[in-house]
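# Architecture at a glance
The lines below spell out each chain.
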Amino acid sequence: MRVVETRIIGAPPDAVWKVGGDTANVANWIPALEKSRQQDDLRYATFANGGGEATERIVAHDDAQRSYTYEYVAGPLPLSFYSSTFTVNPHPDGAEVVWSAEFASTSPESEPNSQRRSQTSTGPR
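These notes cover the structure that comes with them. Residue numbering note: each chain is counted from 1, following its sequence as written. Confidence filtering applies because this is a predicted model: local features only for residues at pLDDT of at least 70, side-chain atom pairs given and counted only at 80 or more, and all residues used for totals across whole chains, interfaces and linings. Where side-chain values are given, they derive from all heavy atoms of the structure, hydrogens and water being excluded.

## Thoughts on the pairing of strand 1 (residues 2–9)
For a regular strand, the rule is simple: side chains alternate between the two faces of the sheet. A simple rule labels every residue: compare its accessible area, found with a 1.4 Å probe on the protein chains alone, to the largest value its type can have, and call it buried under 20%, exposed over 50%, or partly exposed in between. In this description a helix means any DSSP run of H or I spanning at least four residues, a strand means any run of E spanning at least two, and both kinds are numbered starting from the N terminus. For strand 1, the buried fraction is high: six of the eight residues fall into the buried class. DSSP-based pairing: two strands are paired if at least 2 bridges between them are found. Two elements, strand 1 and strand 7 (residues 94–105), share eight bridges in a ladder whose sense is antiparallel. Paired with R2 across the two strands is E102, which belongs to strand 7.

## A look at unusual backbone geometry
Here the phi dihedral of D40 falls at roughly 55 degrees; this positive angle occurs in a residue that is not glycine. Note on placement: D40 falls in the loop between strand 2 (33–39) and strand 3 (42–47). You will see that R66, though not glycine, has its phi angle at about 50 degrees, which is positive. Take R66: it is sitting in the loop between strand 4 (53–62) and strand 5 (67–74). Using a relative accessible area of 15% as the deciding quantity, one classes R66 as buried.

## Here's the deal with the pattern of salt bridges
A pairing counts as a salt bridge when a side-chain nitrogen of Lys or Arg comes within 4 Å of a carboxyl oxygen of Asp or Glu. Counted according to the given criterion, the structure contains four salt bridges. A salt bridge links E102 to R2; the shortest N-O distance between them is 3.5 Å. A residue pair is termed long-range when its members are at least 10 positions apart, and E102 in strand 7 and R2 in strand 1 qualify at 100 residues. Residue E102 is classed as partly exposed on the basis of its relative accessible area, which comes to 41%. Judged by its relative accessible area of 43%, R2 falls in the partly exposed class. For E56, the salt bridge identified is with R43, shortest N-O distance 2.7 Å. Taken together, the residues E56 in strand 4 and R43 in strand 3 connect sequence positions 13 residues apart. Judged by relative accessible area, E56 falls into the buried class, the value being 12%.

Shown next as structure tokens:
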């Protein structure tokens, strides 16, 4: 399964990357997360409302390209495979944030339909 989400943010790409590229503090801008922290290449993200903690490995991080890739290691989600890339690109209206993920569920019937959404926003959250 592959999912791609895009969002246009009315801010310079470097400013958006300063927030979005800070892999340890994603809970500051992802509403579904209560808290996050990172030790070496492992990120620990706690889902809000008692949803449990996920462990993710940051496998690539490139400030020059404003992009990073991470993989799901363990946690409450029923995934047999998960790899995701977060990228900030220049856009005429500011910055385009692209989040893409490839994953497989531990049970095929629980996989959602493939989707692609595009949204416009004035800021991250």
